[in-house]
Amino acid sequence: MRAFRLRAAEKAFAVYWGSMATDKTFYLETFGCQMNAHDSEKVIGTLEQQGYRQVESEEEAGLILYNTCSIRDKAEQKVFNRLNDYKKLHKQGKRFGVLGCVAQQEGEKIFERAPYVSLVSGSASYRKLPEMLTRLEAGEGRITGLDDRQTDETFETEFTARQNQYRGYITIIEGCDKFCSYCVVPYTRGKERSRTSTSVLHEARRIADLGYTEIQLLGQNVNSYRDPEGKMSFAELLAAVGEVAGIRRVRFTTSHPRDFTRDIVDAIDRVPTLCDHVHLPVQSGSARILKAMAREYSPEWYLERVAWIKASRRQISISTDIIVGFPGETEDDFIQTMDLLAEVEYDCVFAFKYSARPNTPALVMIDSIPEAETAKRLQALLDRQREIQRVNYSKQIGEIIEVMVEGTNPARGQIAGRSSQNKPVNFTSPHPIAPAPGSYLRVMITGAYPNSLVGESV
Ligand code: 5AD
Ligand code: SF4
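Residues numbered from 1 in each chain as written. Chains lettered and ligands numbered in written order. Predicted model: local features only at pLDDT ≥ 70, side-chain atom pairs only at ≥ 80, totals over all residues. Heavy atoms only, no water.

Asker: Could you clarify how one ought to interpret the UniProt feature "domain: MTTase N-terminal" (unreviewed entry) in the protein chain in this entry?
Answerer: Feature annotation in UniProt places "domain: MTTase N-terminal" (unreviewed entry) on residues 24-138, given in this structure's numbering. As a span, residues 24-138 carries 44% helix and 23% strand, and end to end its C-alpha atoms are 13 Å apart. (UniProt positions renumbered as here; feature names shortened; annotations may be inferred. Helix = DSSP H or I, 4+ residues; strand = E, 2+ residues; numbered from the N terminus.)

If you want it as structure tokens, here you go:
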């Protein structure tokens, strides 16, 4: 009976799909980090290449895709809530696919939890998307792409459908071999694998030819980059991308302190197009907690790298990620994190409550900190950081800086942009015509908030 029902559903789908054959539509929603955002650009390009057309809502689409994040439990829950919200659309013959980290982590269990899902694929299997789509179109269900950590290939495609008008993302390294004790990434994104510098530079030139002036190099640990051709170090690749004709800004994220070498700072000093910004996640200021996190550095090691960055001829802004309430974190450990904040004087901090994740070693550590205490620590940290930023940002009043325009807010008569240090800048211009996104203007800073600068173009 069940088999019959399944066959009937497949038949209904084949009829539905047939009627859509000339207009295969998909809706894609992305959760999580910039790596996911860029993966989505590649997935969209791949689908378009297969004759699909992107639409703006689940209701309009024949195929509904979620590119998912599982870094914290909340992010994962969001995906299942979304699937649940739209499951009734399955009855209209629409098909669902789960991509990304939740797909890789949960695998075929997703079919049990959400039986209307037909496709489950982790990022290491996106190369096989065209083949998986063909099977989907033939009416097959329960299609999986779940390559494990062993994959050697990065996912590259010339069909990337870039969604950002001014910033071109380029993945230079995928996966992670660090295995921090709290983190799912090594399990969801597989082992570390770098692209050749030749192919990275080829893509950088192509992006520049398309008119992009900003490039952001991406990798879970971008500075762990190892050129398979052995031609360039990470710092040399940074400099070479910065020297591509037409490129005015190069960013890179995320750097791991363990692999942060002095020549990265030297490259920023030397090559004007490399932005004045390093994102260097510290996670904790306590040596004991860093050890339990398996971060493989001490606070001293971290602060030495900060000192290199601060010794630069340029004003390099530093931002970080912090986890509060890691299992066993005492009040004293937390105070050490607060002290480190004050010492580094970050321009931006992304702080998270620890979230226990499947498969990770920290899962079995005794998690004795009451939720209310973790929440209190997080708030204290955010309050402290706000004060640090209030001081940092106000130091820039009176400076003239270069801002890249990202958009306009006509209602407020303001233009929104970003400084080389990655700070949001909201400014006014005497010109009646709003500047185009992606253009560069010089702005006099006249005011500051803890998270943004205010100014007038000069
Ligand atoms: N719980 C809370 N935060 C986490 N991060 C990674 N894993 C977890 C987790 N299990 C944070 C880290 C990392 C950022 C991307 O997410 O701070 O740098
Ligand atoms: Fe996760 Fe650590 Fe790898 Fe970053 S370095 S992705 S935190 S395991």
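Asker: I keep staring at the UniProt feature "binding site: [4Fe-4S] cluster 1" (unreviewed entry) in the protein chain and nothing clicks. Help me out?
Answerer: Mapped onto the present numbering, the UniProt feature "binding site: [4Fe-4S] cluster 1" (unreviewed entry) falls on Cys33, Cys69 and Cys101. Annotated residues spanning 69 residues; largest pairwise C-alpha distance 10.8 Å, indicating a single compact cluster. Position of cysteine 69 relative to the elements: it lies in the loop between strand 3 (63-68) and helix 3 (73-86). Residue placement: cysteine 101 occurs in helix 4 (residues 100-106). The exposure class assigned to cysteine 101 is buried, which follows from its relative accessible area of 9%. Residues in contact with cysteine 101, not counting those within four places in the same chain, are Thr68, Cys69, Ser70, Thr188 and Arg189. (Buried < 20%, exposed > 50% of the residue type's maximum accessible area, 1.4 Å probe, protein only. Contact = heavy atoms within 4.5 Å.)

Asker: Just checking my understanding: could you explain the domain arrangement of the protein chain for this structure?
Answerer: As a measure of interface size, the accessible area lost when the parts come together is often cited. Looking at the assigned domains, one finds that the protein chain contains domain 1 (25-145), domain 2 (167-395) and domain 3 (399-457). Here domain 1 and domain 2 have C-alpha centroids that lie 28 Å from each other. With 17 residues of domain 1 at the interface, the matching set in domain 2 holds 24 residues. The largest share of the area that domain 1 buries against domain 2 comes from Gln34, Met35 and Arg72, three residues that together contribute 36% of it. (Domains from an automatic or database assignment. Buried area = accessible area lost by both parts, 1.4 Å probe.)

Asker: Whenever I open this one, the environment of valine 185 confuses me. Can you help?
Answerer: Here valine 185 is to be found in helix 7 (residues 185-188). A relative accessible area of 7% means that valine 185 is categorised as buried. Each C-alpha atom, one on valine 185 and one on cysteine 101, is 7.8 Å from the other, the two residues being 84 residues apart in sequence. In this structure, valine 185 is in contact with Ile71, Cys176, Gly190 and Gln220, ignoring residues within four places of it in sequence.

Asker: Even after reading the chapter, I still don't get the site of ligand 1, so can you show me in this structure?
Answerer: What surrounds ligand 1 is the set Ile71, Arg72, Tyr182, Gln283, Asp321, Ile323, Phe352, Lys353, Tyr354, Ser355 and Arg357. A distance of 2.6 Å is found between an oxygen atom of ligand 1 and a side-chain nitrogen or oxygen belonging to glutamine 283. A total of 400 Å² of accessible area belongs to ligand 1 in isolation, and the protein chains cover 86% of it. Mapped by element, the contributors of at least two residues to the shell around ligand 1 are strand 13 (317-324) and strand 14 (348-353). (Near = heavy atom within 4 Å. Polar contact = N/O pair within 3.5 Å; in protein donor to acceptor, adjacent residues only side chain to side chain. Areas by Shrake-Rupley, 256 points an atom, 1.4 Å probe, with all protein chains shown as cover.)

Asker: Sorry if this is basic, but what is going on with the environment of cysteine 348 here?
Answerer: With respect to the secondary-structure elements, cysteine 348 resides in strand 14. Once the C-alpha coordinates of cysteine 348 and proline 450 are considered, the two residues, 102 residues apart in sequence, prove to be 9.2 Å apart. In contact with cysteine 348, other than residues within four places in its own chain, are Ile318, Ser319, Thr320, Gln385 and Gln389.

Asker: Please explain the site of ligand 2 as it appears in this structure.
Answerer: By nearness alone, every residue bordering ligand 2 is listed as Cys176, Lys178, Phe179, Cys180, Tyr182, Cys183, Val185, Pro186, Gln220, Asn221, His256 and Arg295. Taken together, the residues of the shell around ligand 2 break down into seven nonpolar, three polar and two charged. (Nonpolar A, V, L, I, M, F, W, Y, C, P; charged D, E, K, R; others polar.)

Asker: Would you mind showing me how to read unusual backbone geometry here?
Answerer: A negative phi holds for most residues other than glycine; trans holds for most peptide bonds. Residue threonine 254 is bonded to the preceding threonine 253 through a cis peptide linkage, with omega at 0°. Of note, threonine 254 is situated in the loop between strand 11 (249-253) and helix 10 (262-270). In this structure, arginine 142 takes a positive phi of about 50° despite not being glycine. Note on placement: arginine 142 falls in the loop between helix 6 (129-137) and strand 6 (143-145). Note on arginine 142: relative accessible area 44%, which makes it partly exposed. Positive phi is not limited to glycine here, since glutamate 345 has a value of about 55°. Relative to the elements of secondary structure, glutamate 345 occurs in the loop between helix 13 (331-344) and strand 14.

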